[in-house]
Amino acid sequence: MSFKPAEWPRKLRSQHWYGGNSRDTIYHRGWLKNQGYPHDLFDGRPVIGILNTWSDLTPCNGHLRELAEKVKAGIWEAGGFPVEVPVFSASENTFRPTAMMYRNLAAMAVEEAMRGQPIDGAVLMVGCDKTTPSLLMAAASVDIPSIVVTGGPMLNGWFRGERIGSGTHLWKFSEAVKAGEMTQDEFLEAEQAMSRSSGTCNTMGTASTMASMAEALGMALSGNAAIPAVDSRRRVMAQMTGRRIVQMVKDDLKPSDIMTKEAFENAIRCNGAIGGSTNAVVHLLAMAGRTGIELTLDDWDRCGRDVATIVNLMPSGKYLMEEFFYAGGLPVVLKHLGEAGLLHKDALTVSGESIWDEVKDAKNWNEDVILPVEKALTQQGGIAVLKGNLAPLGAVLKPSAASPHLMQHRGRAVVFEDIDDYKARINDDALDIDETCIMVMKNCGPKGYPGMAEVGNMGLPPKVLKKGITDMVRISDARMSGTAYGTVVLHTSPEAARGGPLAIVRTGDFIELDVPNRRLHLDLSDEEIAARLADWKNPVEPPASGYARMFHEHVEGADTGADFDFLKGCRGSEVGRDSH
Ligand code: FES
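Keep in mind that what you see is a predicted model, and the values were worked out from it rather than measured.

Asker: What's the story with the UniProt feature "domain: Dihydroxy-acid/6-phosphogluconate dehydratase C-terminal" (unreviewed entry) in the protein in this structure? I'm lost.
Answerer: Mapped onto this numbering, the UniProt entry annotates "domain: Dihydroxy-acid/6-phosphogluconate dehydratase C-terminal" (unreviewed entry) at residues 368-562. Measuring from the first to the last C-alpha atom of residues 368-562 gives 37 Å, for a span that is 15% helix and 23% strand.

Right, dumping it as structure tokens:
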């Protein structure tokens, strides 16, 4: 921890808009005064942008406008000037073809909103899956003092005496309906029970994972991730965040001081310990790409290998975020990592303290929720990175969500050319498939879908489900919802639509999955693979125009985070000339 706070007072970037009495200044300042701000608010105090991803169509963030009032209160108290700025909100449950297609658009829009406007620091108000990484990517590229406050998870869902988790039970119940174990009416009854309050998904899905990643990176105040959305302590956290950002601006404590290689390694290990979403892989790779830090899939495998999954939350375990909060939340997990020698203790956080200082006194109040290591859900909880002739650039699998008996498996491939082909044939009892087969789906990666949809956890064929089988090996270039589970190989790279070997797999080929040895192998000779690739024609047409066209032309592979090639790196906060 070598951070040295900057001198204060000094001239801030907002003063280039509001300082002095020139015609330009009066233009910027005078118009803002139509909101009734007194003149002395423009005296050089930190102007803090509250970048809010609230939207009626991002229901997981639906309470963020109310929460922003607490952030504002904290900023006023600390002597700052809060301005709330609505920003692009990439809602997971609304956007088609998939919210992931808009993560980079959101990151690009927010980056420009931060750089092009008179703000000295930013509070990133996020929650739903893509909102957290997109705003962190933007903050890394602009590199002005920034702090995350998430909206917090929903309260536990309950249905007929059973704890039910967002997403996780949606997959379970829909399989049960297909298997004839649940009626459609019961399914509808469970719908409302699943979403009981404001907030994000209450499992350790992608939203909870990314909130945890923000905290483990040091970009949120300690304890932020797990506080339920409707708990009064969430509002306290928002107010404390508002107070803190003002001091961060005075100290000039920037993302580049916090989001270091050590911080990313802490986050990767934390992801293993919480049994976090595979989506964290693409998001952390993309964030690191914005900072200029070299982070690779190999870092994920290296750092995650020896991390036990100790957080007993769905989809890997039993409980939900509410219980995680009551048990002590993420600080307990980070403390455990520190004691196990798996944490860079000196990594700096937004508080100005080291991560170890923040968590060393944490206490575990429920050892059935945050397990002792000897009772861990799995001793190898990190993301397994697989390589082989089917995935030369890598593929990922989440061991804590997979079935132990399938971790080494050889099976006959049943291939679906894309999601439509899968949907058209999966329910057909004439489909030649059983539980020993490996389901393969193509053209669902960044270019192929487009946007790399969360369809990798293909539902099993009804005739297999009816036998009581709940898992099969599945391989694709897609992603998987963080709330999902199964022996699912994801992010296979290069993707099929880029001509990766996945593109030439045929039904009847044999595939070997060997997770302990990190191998994914198509049982064909090199010559046969080369011959098939030479004959291959890309079925994916580039979109004719618009954002979809730009996405297709510039998105990179999942193995490097699926960011746009032209958005990598930190471009800083310097802005061009004024227009007046
Ligand atoms: Fe928004 Fe899960 S869909 S948090």
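Asker: Looking at this model, I keep getting lost on the packing of helix H8 (residues 206-217) against helix H15 (residues 330-339). Mind explaining?
Answerer: Between two packed helices, what matters for the description is the angle formed by their axes and the separation of those axes. The interhelical angle for the contact between H8 and H15, taken along N-to-C directions, is 55°, at an axis separation of 11 Å. Overall, the two elements H8 and H15 adopt an arrangement that is oblique. As H8 packs across H15, the resulting crossing turns out to be right-handed. Contacts between H8 and H15 involve Ser212, Glu215 and Ala216 from the first element and Leu330, Pro331 and Leu334 from the second. A breakdown of the residues in the contact of H8 with H15 according to their chemical character gives four nonpolar, one polar and one charged.

Asker: Help me out: how do you make sense of the pairing of strand E2 (residues 81-86) in this one?
Answerer: In summary, the side chains of a regular strand alternate between the two faces of the sheet. Pairing geometry for strand E1 (residues 47-52) and E2, over six bridges, is parallel. Its bridge partner lying in E2, Val47 is registered against Phe81. Read as a crossover between parallel neighbours, the route from E1 over helix H3 (residues 64-77) to E2 is right-handed.

Asker: Honestly, the sheet that holds E1 in this entry has me stumped. Any pointers?
Answerer: Backbone-to-backbone hydrogen bonds pair the strands of a sheet. The strands run either parallel or antiparallel. Taken together, four strands build an open sheet; the order of strands is E2-E1-E3-E4 and the sheet is parallel. Each edge of the sheet is formed by a strand with only one pairing partner; in this case those strands are E2 and strand E4 (146-150). In this sheet, adjacent strand axes meet at a mean angle of 20° when their direction is disregarded. The sheet contact formed by E1 and strand E3 (residues 121-126) spans five bridges and is parallel. Bridging from a neighbouring strand, Ile48 pairs with Gly121 of E3.

Rules of the game
Residues numbered from 1 in each chain as written. Predicted model: local features only at pLDDT ≥ 70, side-chain atom pairs only at ≥ 80, totals over all residues. Heavy atoms only, no water. UniProt positions renumbered as here; feature names shortened; annotations may be inferred. Helix = DSSP H or I, 4+ residues; strand = E, 2+ residues; numbered from the N terminus. Axes fitted to C-alpha atoms, helices over the stretch in contact; angles between N-to-C directions. Parallel < 35°, antiparallel > 145°, perpendicular 65-115°, else oblique. Left-handed = near helix turned anticlockwise from the far one by under 90°. Contact = heavy atoms within 4.5 Å. Nonpolar A, V, L, I, M, F, W, Y, C, P; charged D, E, K, R; others polar. Pairing = 2+ DSSP bridges. Right-handed = clockwise from strand over helix to strand, strands pointing away.

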